[in-house]
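# Observations on chain architecture
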Amino acid sequence: MTKTIAILGAGAWGTTLANLARVNGHEVRLWSRQGDLSLEDVVKNAEIVLSAISMKGVQDVALLVKSCQVSPHTIFVTATKGLDAKTTRTPSQIWQTEFPDHSVVVLSGPNLSQEISQGLPAATVVASKNTAAAQVVQQIFSSGRFRVYTNSDPVGVELGGTLKNVMAIASGVCDGLHLGTNAKAALVTRGLTEIIRIGKVLGAKTETFYGLSGLGDLLATCNSPLSRNYQVGYQLASGKTLTEILASLPGTAEGVNTCQVLMQISQQQNITMPITEQVYRLLETQVTPKQALDELMLRDTKPEYHQ
Ligand SMILES: NC(=O)C1=CN([C@@H]2O[C@H](COP(=O)(O)OP(=O)(O)OC[C@H]3O[C@@H](n4cnc5c(N)ncnc54)[C@H](OP(=O)(O)O)[C@@H]3O)[C@@H](O)[C@H]2O)C=CC1
Ligand SMILES: O=C(CO)COP(=O)(O)O
């Protein structure tokens, strides 16, 4: 059945998702700050409101939407991968707080938008506490080129997509320093352990991180030069400053902000996050890429545990 869908954020991801829904015959209205359509007109009577806004704009946009007329049955979908710098909340937590009586669905997976725009096959996950709402969103986006799975752990799905961005920065550094395949495998595997450790504290289920939105997105983002987060790390390893890199980066690298928020959480809650800590210190120019590597390699010896 044809749905009316408002997509907020006309960047790389919002545009790609809009095209996927249009190809399936849905009526899509795309909103951005630069566009001609008003937010009021875009969200009016929309059955789905999907946000692909960068993390830094989510809270403000959610408040703007709240001031518009939204149908009581509207399902909110969030595709942002980040954490709020002020409150440390996830995007779905922000949308749910502002719209407590609506269903909120998280859409996240190994989804490099450039590949999807080219028509290459991909899979993703839609997660919600409300299974029926997740199934509606699954039908909207599913096609022979885009396979959509449902999941009932929205926070886990959301955190998989968010936390891997910090590991993608670390992986870019690893490749930029030409440390080899063994080093990369060790980094990504220990990265997953670190993601699970913090994810569990933040309320996610461990098994979710072994799925598409966790391990799947970690593999995609840590291995692709198309990833902006990976690019940040790769270019830091080549000696560029973060300011230079961000100035020429196409779009948003959420891992930079996420890393700062994670350091805040790890200090408050006393969680060991060695890779995140070294990425943070690198971004803050407290260590060089080579020093960050040495810090990780020379940590105390210990048994291999996975959580
Ligand atoms: N690109 C990808 O492959 C994927 C991206 N994502 C996630 O989707 C999100 C968006 O990424 P992407 O589309 O690539 O990023 P882009 O930088 O291409 O687009 C970001 C969008 O957010 C909007 N925006 C930013 N700040 C604000 C604000 N304060 N108020 C209103 N709108 C704002 C921008 O609007 P304006 O144009 O007006 O600045 C733009 O429409 C990120 O969280 C990213 O992690 C998830 C999966 C895949
Ligand atoms: O989330 C993504 C792929 O799943 C996009 O990664 P980047 O934001 O690093 O480009």
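Since the structure is predicted, the reported quantities are computational estimates derived from the model, not experimental observations.

### Some thoughts on the packing of aromatic side chains
Using the criterion set out here, one finds 4 aromatic pairs in the structure. Ring centres of Phe76 and Trp95 lie 5.5 Å apart, and the angle between their planes is 25°; on these two criteria the pair is classed as stacked. Taken together, the residues span a long stretch of sequence, with Phe76 in strand S4 (residues 75–78) and Trp95 in helix H4 (residues 91–98) at a distance of 19 residues. Classification of Phe76 as buried rests on a relative accessible area of 1%. Under the relative-accessibility criterion, Trp95 is labelled buried at 1%. A centroid spacing of 4.2 Å and a plane angle of 25° characterise the contact between Phe76 and Phe99, whose relative ring orientation is stacked.

### A few points about the packing of helix H7 (residues 154–176) against helix H9 (residues 212–222)
H9 packs onto H7 with a crossing angle of 30° between their chain directions and a minimal axis gap of 8 Å. By the angle class used here, H7 and H9 are roughly parallel. Crossing hand, H7 versus H9: right-handed. Contact with H7, carried on its side by Val157, Gly160, Gly161, Lys164, Asn165, Met167, Ala168, Ser171 and Asp175, involves Ser213, Gly214, Asp217, Leu218, Thr221 and Cys222 of H9 and no other residues of that element.

### Quick look at the UniProt feature "domain: Glycerol-3-phosphate dehydrogenase NAD-dependent N-terminal" (unreviewed entry) in the protein
Cross-referencing UniProt, the feature "domain: Glycerol-3-phosphate dehydrogenase NAD-dependent N-terminal" (unreviewed entry) maps to residues 5–35 and 38–133 in the present numbering. Note that residues 5–35 is 39% helix and 29% strand, and that its end C-alpha atoms are spaced 16 Å apart. Across residues 38–133 one finds 34% helix and 20% strand; the C-alpha atoms that close the span lie 26 Å apart.

### Some words on the packing of H7 against helix H10 (residues 228–237)
Running from N to C, H7 and H10 cross one another at 35°; their axes reach a closest spacing of 6 Å. For the pair H7 and H10, the sense of crossing is right-handed. Contacts between H7 and H10 involve Asn165, Ala168, Ile169, Ser171, Gly172, Val173, Asp175 and Gly176 on the former and, on the latter, Asn229, Tyr230, Val232, Gly233, Tyr234 and Ala237. Of the residues belonging to the contact of H7 with H10, the class tally is 7 nonpolar, 6 polar and 1 charged.

### Quick notes on the site of ligand 2
All residues adjacent to ligand 2 are Lys81, Gly109, Pro110, Asn111, Leu112, Lys164, Asp217, Thr221, Leu226, Ser227, Arg228 and Asn229. Between ligand 2 and Arg228, the relevant distance is 2.4 Å, taken from an oxygen atom to a side-chain nitrogen or oxygen of the residue. When ligand 2 is considered free in solution it has 300 Å² of accessible area, and contact with the protein chains removes 92% of it. Elements with a minimum of two residues in the shell around ligand 2: H9 and H10.

### Describing the sheet that holds strand S6 (residues 122–127)
Read from one edge to the other, the open sheet built from 7 strands follows the order S2-S1-S3-S4-S5-S6-S7, with strand pairing classed as mixed. Because the sheet does not close on itself, it has two edges, and the strands there are strand S2 (27–31) and strand S7 (146–151). Across this sheet, the average inter-strand angle for adjacent strands is 25°, counted without regard to direction. One ladder, built from 3 bridges, connects S4 with strand S5 (residues 104–108); its direction is parallel.

### Side note on the pairing of S4
In S4, alternate side chains face the same way, and those of Ile75 and Val77 on one face and Phe76 and Thr78 on the other are all buried. Read as a crossover between parallel neighbours, the route from strand S3 (residues 48–51) over helix H3 (residues 55–66) to S4 is right-handed. Note that the unit made of S4, H4 and S5 has a crossover that is right-handed.

### So, the nonpolar core
Val232, Val279 and Leu283 are the most contacted members of the largest nonpolar core, which has 41 residues in total. Elements that contribute at least two residues to this core include exactly H7, helix H8 (181–201), H9, H10, helix H11 (242–248), helix H12 (255–269) and helix H13 (274–283). The element best represented in this core is H7, accounting for 10 residues. Leaving out residues up to four positions away in the same chain, Val279 has contacts with Val166, Ile169, Ala170 and Cys259. Ranked by size, the runner-up nonpolar core spans 26 residues in total, among them Ala79, Ile116, Ala133 and Val137.

### Description of helix H6 (residues 131–141)
Since the α-helix packs 3.6 residues into each turn, any two residues three or four apart lie on the same face. Burial in H6 covers these residues: Ala133, Ala134, Val137, Gln138, Ile140 and Phe141. Relative to the axis of H6, the buried residues are bounded by an arc of 160° and lie together on one face. A side-chain oxygen of the first residue of H6 lies 3.0 Å from the backbone nitrogen of Ala132; this N-cap is Asn130.

### Some points on the environment of Gln231
Structurally, Gln231 is set in helix H10. Once the C-alpha coordinates of Gln231 and Gly172 are considered, the two residues, 59 residues apart in sequence, prove to be 6.1 Å apart. If sequence neighbours within four positions are ignored, Gln231 has contacts with Pro225 and Leu249. Within the local environment of Gln231, its side chain forms a polar contact with the backbone oxygen of Pro225, the two atoms lying 2.9 Å apart.

### Overview of the pattern of salt bridges
Summed over the entire model, instances satisfying the criterion amount to 7 salt bridges. Salt bridges sharing partners connect three or more residues here, namely Lys81, Lys164 and Asp217.

Reading the values: the criteria
Residues numbered from 1 in each chain as written. Chains lettered and ligands numbered in written order. Predicted model: local features only at pLDDT ≥ 70, side-chain atom pairs only at ≥ 80, totals over all residues. Heavy atoms only, no water. Phe/Tyr/Trp six-rings, centres within 6.5 Å; stacked < 30°, edge-to-face > 60°. Helix = DSSP H or I, 4+ residues; strand = E, 2+ residues; numbered from the N terminus. Buried < 20%, exposed > 50% of the residue type's maximum accessible area, 1.4 Å probe, protein only. Axes fitted to C-alpha atoms, helices over the stretch in contact; angles between N-to-C directions. Parallel < 35°, antiparallel > 145°, perpendicular 65-115°, else oblique. Left-handed = near helix turned anticlockwise from the far one by under 90°. Contact = heavy atoms within 4.5 Å. UniProt positions renumbered as here; feature names shortened; annotations may be inferred. Nonpolar A, V, L, I, M, F, W, Y, C, P; charged D, E, K, R; others polar. Near = heavy atom within 4 Å. Polar contact = N/O pair within 3.5 Å; in protein donor to acceptor, adjacent residues only side chain to side chain. Areas by Shrake-Rupley, 256 points an atom, 1.4 Å probe, with all protein chains shown as cover. Pairing = 2+ DSSP bridges. Right-handed = clockwise from strand over helix to strand, strands pointing away. Core = buried A, V, L, I, M, F, W, Y, C linked by side-chain atoms within 4.5 Å. Arc of directions from axis to C-beta. Salt bridge = Lys/Arg side-chain N within 4 Å of Asp/Glu carboxyl O.

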